[in-house]
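If you want the building blocks of each chain, they are given just below.
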Amino acid sequence: MAQTLVQKIIQSHLVEGDPTPGREIALTIDQTLTQDATGTLAALEFEALGLERVRTEVSVSYVDHNLVQSDFKNPDDHRFLRTFAARYGLWYSPPGNGICHQLHLLNFARPGATLLGSDSHTPHCGGLGMLAMGAGGLDVAAAMAGQPFSLACPRVLGVHLTGHLSDWVGAKDVILELLRRLTVKGGLGRVIEYFGPGVATLSVHQRAAICNMGAELGATASLFPSDQTTAEFLKAQGRSEAYQPLQADPGCTYHEVQEIDLGSLQPLVACPSSPDKVRPAAELADVALEQVIVGSCGGGSYEDLTRVALALDGQTMAPGLSLSINPGSRQALGQVTETGALAKLIAAGARIHQSGCLGCIGMSQAPATGAASLRTFPRNFPGRSGTPDDQVYLAGAEVAAASALAGHIADPRTLGAMPAIPAPPALRPEALVPPPDDPAGIEVLRGPNIAPFPELDPLPEDLRVKIILKVGDNITTDHIMPAGSKILPLRSNVPAISRYVFAALDPGFADQAQAQAPVAVVGGENYGQGSSREHAALAPRYLGVRVKVAKSFARIHRANLINFGIIPLVLADPDDYQWLQAGQEIQLKRVLTAISNGKSSIIAIVNGRDLPLVLDVTSRDRDILCAGGRLNHIKRKI
Ligand code: MIC
Ligand code: SF4
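Residues numbered from 1 in each chain as written. Chains lettered and ligands numbered in written order. Predicted model: local features only at pLDDT ≥ 70, side-chain atom pairs only at ≥ 80, totals over all residues. Heavy atoms only, no water.

(A) Local environment of the sheet that holds strand 11 (residues 221-223). Reading across from one edge, 11-10-9-12 is the order of the four strands in this open sheet, with parallel pairing throughout. In this open sheet, the two strands that pair with only one neighbour each are strand 11 and strand 12 (256-261). Averaged over all neighbouring strand pairs, the angle between strand axes comes to 20 degrees, with direction disregarded. Here six bridges tie strand 9 (residues 155-162) to strand 10 (residues 190-195), and the two strands are oriented parallel to one another. Paired with V156 across the two strands is V191, which belongs to strand 10. (Pairing = 2+ DSSP bridges. Helix = DSSP H or I, 4+ residues; strand = E, 2+ residues; numbered from the N terminus. Axes fitted to C-alpha atoms, helices over the stretch in contact; angles between N-to-C directions.)

If you want it as C-alpha cells, here you go:
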C-alpha cells in the first residue's frame, strides 16, 4: 500500500502496537537531545536508571536556555551537564554554542531517523526529513536508556505546497498561515507532512522553521521529504554520508489535507498573546514598536540574520527602538561575520548577543512597561518575556527588518527589490565536545542547587481532592510553571521551583496546595499546551496536586502528568465545566481499583452530584498512575 513519509518512518521504528491513529505504539529512538533547563532533571532521572552509558546512536546535551550567570546556580548546572555528558557518553554543547534545535539540525539530524528531545520545538529537525518529537525529560531519559517511546499513533495531516514564496514573504508566513487557519489546537494528535511541488522551492532552514512552529499547532511532529536540497545542505555541512532520499509514495492518502499556494501568502504577524492571533502585517502599521528581536530556534538561522542585515544595509533603525540580534548558532554568527552581514547589523545600530534562547524564554531582553515588542520567536504567551501584561508580536525576519526601520509594524514588501542571500561560507566553528572513549575516573560534579529528586507516594485506594483553582482554555505550561531569569535557575531544585506554580494566575497557589493537599485543578480545552517542561507536572505534584480535570489535554503535558502520578481526567460532558468551582471537593471512591482494572469511565462525586469523567490511557499508563509516577513504576519493575 502507498505510504506517507510519516507512515514509513513509523513502520521502520515500530517495536510495539498497531499503527492505527489513536492506538498506542512504541517506537525505537535513534537520537536524543536535552537542553539545560529540562536536561538537569533528565540527567538525574537517567542516573536513577543505573546504566553505565547511553544506548542511542547519538545523544546530545545542549546548554542554551539558562545562560545568565548572576550567581552560582546556572554555572553549576552547566558543569553538572558537562561532566554528566562525559561520564555517560553524550555529546556536550557548551553555553554560547547556540540553540539545541539549530545545532542539532546542522550537526546531527538525518533523514529517516527518530529524535526525541526534552523540548517542545524538537520537531525543528523535521526540516531534514526526520521524525523529531518533543517529550518530557523522563521520557527522554528512558529513550537515552534505549527504551522505546510510547505515543498514540498520530493522524497524518498533509500540507500540499504549490507555487513559490513571493519576495519578502518567508517561512514564518507559511506556518502563521496554518496557525491562522487551524489555531493552537489544530494539530493535536497529528503529524504534519509537507508535500507537493512547493517543497523544492524552500531551503532546509525554511523547512525547519516551518516544522519548528508546528509545536504551536499542538502537532506531535512536522516533517518534509528529503530531496536534492537536503543532500546539498548535508554536503555543505560535511555530512553527505547522512543523506538518504525519502519521499511519500505516489498515491498515498493523508487523513486530512490543507492546500497552500506559497505565491498567495503575504507577510503575517501573530498578535499578543497567542501564536494563532494572526493578522497581515499590512494591517498593523499603527502598532508602534520599542523593541525588535531577531533570534530563537525558529528565527535565528544564517538566512534570518542575513535577510535582516541586507534589508538594513546602509540604513539605521528607527530612533528609540532597540534591535537585538540573537544568533541561533555559533556557526550562523561566524558565517555572518565572514560575509560582512554582521558589520551591516552593527552599523545599523543593532545590539549583538551571544547565541542562545535569551529573551525567548525571558532570560533577559524584557520589554519596557506597555512597550510593544516584535520578535522572530515561536511563542508569545502572556508574560513569557518577563514583563507582566507584555505586548509581544511574532513575525519572520522580513517583517522584523521592515519594522525595525519603520519603528512600527511594517509590511516588508514596501522595501523594494529583495536582495538574494549568498550561500553560507563553509565554516564549522562549533565547540561540540564528543563523548570520551573511556569515561573511567570521570566524576559528575553537582552544585548545592541540585536537590535530590522528591519521593512520590503511590496512589491511595480512595481520593478526596479539593479544587483549588479553575482556569480557562489553552492554559500554557508558562502559566503553570513560569520561566524567566529568576525561576529558570531553580529547574534542578523542585522544592524551590514549586513555590512559583501558577504564580501569575494565583500567587497563593503553592501555600494553598500544600495546606490542603491532595488537591485538584480544573481546566478547559488544550490544557498544558506549549513547553515540554516536566516541572509543570512534577512541581504541582510535589505541592500535592493529585488530579487534573479538563475538557482536553495537550499531548506532552498529559504524558508528563502521568509520569508524575497526576490523574488527567477528561470531562465526559464538557458542559459540566460550567458548574465546577474552586472550593468544591471531588470524591473518587475506589479510584485505585478502577484505574488498575482498566476502567475508562469514572464517576466522581462533587457536592453530592455525579460527575462523569473519562480516563483514556493505556495499560502501561495505568500502572504508572497506580505506582504514583514513572520512576516508582520503573523501580518496582527493577
Ligand atoms: C520553550 O520554548 O517554552 C522552552 C523553554 O524551550 C521549553 C522547554 C523548557 O521549558 O525548558 C519547551 O519548548 O519545551
Ligand atoms: Fe529556546 Fe525559545 Fe526555542 Fe524554546 S522556543 S528552544 S526558549 S529559542
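(B) Examining the sheet that holds strand 2 (residues 24-27) more closely. With respect to topology, three strands assemble into an open sheet ordered 1-2-8, the strand pairing being antiparallel. Two strands lie at the open edges of the sheet, namely strand 1 (14-17) and strand 8 (149-152), each paired on one side alone. Strand-to-strand twist of the sheet, defined as the mean angle between neighbouring strand axes without regard to direction, takes the value 25 degrees. As paired elements, strand 1 and strand 2 share three bridges and run antiparallel to each other.

(C) Quick look at the packing of helix 20 (residues 619-627) against helix 21 (residues 630-637). The geometry of helix 20 relative to helix 21 is characterised by a closest axis approach of 7 Å and an angle of 100 degrees between their N-to-C directions. Here helix 20 lies roughly perpendicular to helix 21, going by the angle between them. For the pair formed by helix 20 and helix 21, the contact residues are R620, D623, I624, C626 and A627 on the first element and R630, N632, H633 and R636 on the second. Residues of the contact of helix 20 with helix 21, tallied by class, amount to three nonpolar, two polar and four charged. (Parallel < 35°, antiparallel > 145°, perpendicular 65-115°, else oblique. Contact = heavy atoms within 4.5 Å. Nonpolar A, V, L, I, M, F, W, Y, C, P; charged D, E, K, R; others polar.)

(D) View of the side chain of N74. Positionally, N74 belongs in helix 3 (residues 73-88). Among all residues touching N74, those that are not within four sequence positions of it are N66, V68, M363 and P489.

(E) Focus on the environment of L571. Structurally, L571 can be placed in strand 23 (residues 567-571). When its relative accessible area of 4% is taken as the criterion, L571 is described as buried. Along the sequence, L571 and K8 sit 563 residues apart, while their C-alpha atoms lie 35 Å from each other. Discounting residues that sit within four places of it in the chain, L571 has contacts with V549, A550, K551, D576, Y577, L580, L611, P612 and L613. (Buried < 20%, exposed > 50% of the residue type's maximum accessible area, 1.4 Å probe, protein only.)

(F) Fine view of the packing of aromatic side chains. Within this structure, the stated rule accounts for ten aromatic pairs. Taking the centre distance of 6.2 Å and the plane angle of 40 degrees together, the rings of F80 and F84 count as tilted. Placement of both F80 and F84 in helix 3 is noted, with a separation of four residues, approximately one turn of the helix. By the burial criterion, F80 is buried, and F84 matches it. Taken together through their ring pairs, the aromatic side chains of F46, F80, F84 and Y88 make up a single cluster. A cation sits over an aromatic face here: K470 above Y577, 4.2 Å from the ring centre. For the cation-ring pair, K551 lies above Y577, with the distance from its terminal atom to the ring centre recorded as 4.6 Å. (Phe/Tyr/Trp six-rings, centres within 6.5 Å; stacked < 30°, edge-to-face > 60°. Lys NZ or Arg CZ within 6 Å of the ring centre and 35° of its normal.)

(G) The site of ligand 1, seen in detail. Taken together, 14 residues lie around ligand 1, and D119, S120, R491, S532 and R533 are the ones closest in. Between ligand 1 and R379 there is a distance of 2.8 Å, counted from an oxygen atom to a side-chain nitrogen or oxygen. The separation between an oxygen atom of ligand 1 and a polar side-chain atom of R491 is 2.8 Å. Protein burial of ligand 1: of its 340 Å² of free accessible surface, 97% is covered by the chains. Its residues assigned to classes, the shell around ligand 1 comprises two nonpolar, seven polar and five charged. (Near = heavy atom within 4 Å. Polar contact = N/O pair within 3.5 Å; in protein donor to acceptor, adjacent residues only side chain to side chain. Areas by Shrake-Rupley, 256 points an atom, 1.4 Å probe, with all protein chains shown as cover.)

(H) Spotlight on the side chain of D77. With respect to the helices and strands, the residue D77 is situated in helix 3. Of the side chains with opposite charge, R491 comes closest to the buried, unpaired D77, at an N-O distance of 8.9 Å. Of note is the side chain of D77, whose polar atom sits 3.0 Å from the side chain of S492. Setting aside residues up to four positions removed in sequence, D77 forms contacts with T40, I450, P489 and S492. (Lys, Arg positive; Asp, Glu negative; His and termini not counted. Salt bridge = Lys/Arg side-chain N within 4 Å of Asp/Glu carboxyl O.)

(I) Region of the structure containing the packing of helix 4 (residues 100-107) against helix 7 (residues 204-212). The geometry of helix 4 relative to helix 7 is characterised by a closest axis approach of 12 Å and an angle of 140 degrees between their N-to-C directions. Classified by the interaxial angle, the pair formed by helix 4 and helix 7 is oblique. The element helix 4 and its partner helix 7 pack so that their crossing is right-handed. Two secondary-structure elements touch here, helix 4 through Q102, L105 and L106 and helix 7 through V204, H205 and A208. (Left-handed = near helix turned anticlockwise from the far one by under 90°.)

(J) Structural view of the state of the cysteines. Applying the stated criterion across every chain yields a total of zero disulfides. Among the cysteines around C100, which has no disulfide bond, C357 carries the closest sulfur, lying 6.3 Å off. For C100, a relative accessible area of 0% puts it in the buried group. (Disulfide = S-S within 2.5 Å.)

(K) Quick peek at the pattern of salt bridges. Scanning the entire structure with this criterion turns up 29 salt bridges. Put simply, R155 and E256 hold a salt bridge, and the shortest N to O gap is 3.2 Å. Here R155, found in strand 9, pairs with E256, found in strand 12; they are 101 residues apart in sequence, far enough to count as distant. For R155, a relative accessible area of 32% corresponds to the partly exposed category. Here R413 ties to D411 by a salt bridge, and the two come within 2.7 Å at their closest N and O atoms. R413 sits in the partly exposed class, given a relative accessible area of 40%. The exposure class assigned to D411 is buried, which follows from its relative accessible area of 12%. Each of the salt bridges in this network shares a partner with another, and the network as a whole consists of E24, R620 and D621.

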